[in-house]
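Here are the chains, one letter per residue:
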Amino acid sequence: MAIAKCNVNRQSRILKHINADGPGIEIGPCHSPVATKRKGFNVEIIDHLDREGLIKKYSGQRINTDNIEEVDHVWHGQTYAAEYYLNVVRCEGEDAWDSRKSGSLAFSHPPDAGQINYSRAKEAGEWLDVHAWCFVPHAFRLLIQDLYDLGLIQLKELSFHPAVGCEFYMTLSREGEGMPLNRMSALQEMELEITGQSAGKPSNRLKKLIKKGLRVFS
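Only a predicted model underlies this, so the values are computations on that prediction, with no experimental measurement involved.

Reading the values: the criteria
- Residues numbered from 1 in each chain as written.
- Predicted model: local features only at pLDDT ≥ 70, side-chain atom pairs only at ≥ 80, totals over all residues.
- Heavy atoms only, no water.
- Helix = DSSP H or I, 4+ residues; strand = E, 2+ residues; numbered from the N terminus.
- Buried < 20%, exposed > 50% of the residue type's maximum accessible area, 1.4 Å probe, protein only.
- Contact = heavy atoms within 4.5 Å.
- Pairing = 2+ DSSP bridges.
- Axes fitted to C-alpha atoms, helices over the stretch in contact; angles between N-to-C directions.
- Parallel < 35°, antiparallel > 145°, perpendicular 65-115°, else oblique.
- Left-handed = near helix turned anticlockwise from the far one by under 90°.
- Nonpolar A, V, L, I, M, F, W, Y, C, P; charged D, E, K, R; others polar.
- Phe/Tyr/Trp six-rings, centres within 6.5 Å; stacked < 30°, edge-to-face > 60°.
- Right-handed = clockwise from strand over helix to strand, strands pointing away.
- pLDDT = per-residue confidence, 0-100.
- Salt bridge = Lys/Arg side-chain N within 4 Å of Asp/Glu carboxyl O.

1. Details of the overall build of the protein
The helix and strand inventory of the protein stands at 7 helices and 7 strands. The secondary structure elements of the protein, listed N-terminal to C-terminal, are α-β-β-α-β-α-β-β-α-α-β-β-α-α. Across the 218 residues of the protein, 29% fall into the buried class. Across the protein, contacts joining residues at least 24 apart in sequence account for 47% of those joining residues at least 6 apart.

If you want it as structure tokens, here you go:
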């Protein structure tokens, strides 16, 4: 959230279905929090430095450091893992759950393995800070629907807003009705987003993918 400017329209899209009294976590907001404590949100903040450290880091960079809120949990060097990898922890094998789910928690990827890979990359001078996820909007919508249909998550699409600049917006909830498109329509939308084509019949590229064994369910 520190990358994109948090304007009013962006905030309203993100917070549209959020209950300010409900408990929440904002990961790595730095100088641009969305669900702010000062506006009454019951939120805890995880960041890579405490408030004093963040103010020091961003001072002199034409950034309003007054927006930086108190940090509840300092996660040294690892907030990137939490931001970029959404399935850091699983509960009884599920990637998403709420207070109604009980059971043991386990890391999807052991921290010691991540530390080993990080050290190797650092020693080799190959470390790059990049986002691991790369989706066109309807690829993500279809993925979430598939994960729910497979019983791997308990959340469904509640609302969706198409891309604005480099971001699209999607709210997940137990009360969501899921993606309102059938699989073929979602694949067609995904193809249009990838190729930039106008709406219409499936492209030859999509037809070839289907013929090669891509199962399509209506």
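2. What to know about the sheet that holds strand β1 (residues 24-27)
The strand order across the open sheet built from 3 strands is β1-β2-β3, with neighbouring strands paired in parallel fashion. Looking at which strands have only one partner, the edges of the open sheet turn out to be β1 and β3 (73-74).

3. Section: the packing of helix α5 (residues 137-149) against helix α6 (residues 183-195)
Where α5 meets α6, the axes come as close as 7 Å, and the angle between the chain directions of the two elements is 150 degrees. The pairing of α5 with α6 is recorded here as roughly antiparallel in orientation. The interaxial crossing formed by α5 with α6 has left-handed handedness. Residue-level inspection shows Pro137, His138, Ala139, Leu142 and Asp146 of α5 in contact with α6, the latter providing Arg183, Ala186, Leu187, Glu189, Met190 and Glu193. Here the contact of α5 with α6 is composed, by residue class, of 6 nonpolar, 1 polar and 4 charged.

4. A word on the packing of aromatic side chains
A complete count under the given rule lists 2 aromatic pairs for this structure. Arranged with centres 5.8 Å apart and planes meeting at 55 degrees, the rings of phenylalanine 140 and phenylalanine 168 form a pair that is tilted. Residue phenylalanine 140 is found in helix α5, and its partner phenylalanine 168 is found in strand β7 (residues 167-173); the two are separated by 28 residues along the sequence. Residue classification places phenylalanine 140 among the buried positions, given a relative accessible area of 16%. Taking relative accessible area as the criterion, phenylalanine 168 reaches 24% and is therefore assigned partly exposed. Ring geometry for phenylalanine 160 versus phenylalanine 168: centroids 6.4 Å apart, planes at 45 degrees, classification tilted.

5. Digging into the environment of isoleucine 14
Take isoleucine 14: it is sitting in helix α1 (residues 8-15). The exposure class assigned to isoleucine 14 is partly exposed, which follows from its relative accessible area of 24%. Those residues within four positions of isoleucine 14 in sequence are excluded, and the remaining contacts are Val34 and Tyr169.

6. Some thoughts on the pairing of strand β2 (residues 43-47)
Judged by how many residues are buried, β2 sits mostly within the fold: 4 of 5 residues are covered. Summarising the sheet, β2 and β3 pair through 2 bridges and their orientation is parallel. Bridging from a neighbouring strand, isoleucine 46 pairs with histidine 73 of β3. The β-α-β motif built from β2, the intervening helix α2 (residues 51-58) and the parallel element β3 has right-handed crossover chirality.

7. Section: the confidence of the model for the protein
When pLDDT is averaged along the protein, the result is 76; 71% of the residues meet or exceed 70. Contacts from residues 1-6, a stretch scored under 50 in pLDDT, to residues over four places away or in other chains number 21 contacts. Throughout residues 213-218 the model reports pLDDT below 50, and contacts reaching past four residues in sequence, or to other chains, amount to 10 contacts.

8. Concerning the pattern of salt bridges
Counted under the stated rule, the structure contains 5 salt bridges. Between glutamate 157 and arginine 141 there is a salt bridge, with the nearest N and O atoms lying 2.6 Å from each other. Residue glutamate 157 is located in strand β6 (residues 156-164), and its partner arginine 141 is located in helix α5; the two are separated by 16 residues in the primary sequence. When sorted by exposure, glutamate 157 lands in the same class as arginine 141, which is buried. The partner of arginine 183 in a salt bridge is aspartate 146, with the nearest N and O atoms 2.8 Å apart. Highlighted residues: arginine 183 in helix α6 and aspartate 146 in helix α5, separated in sequence by 37 residues.

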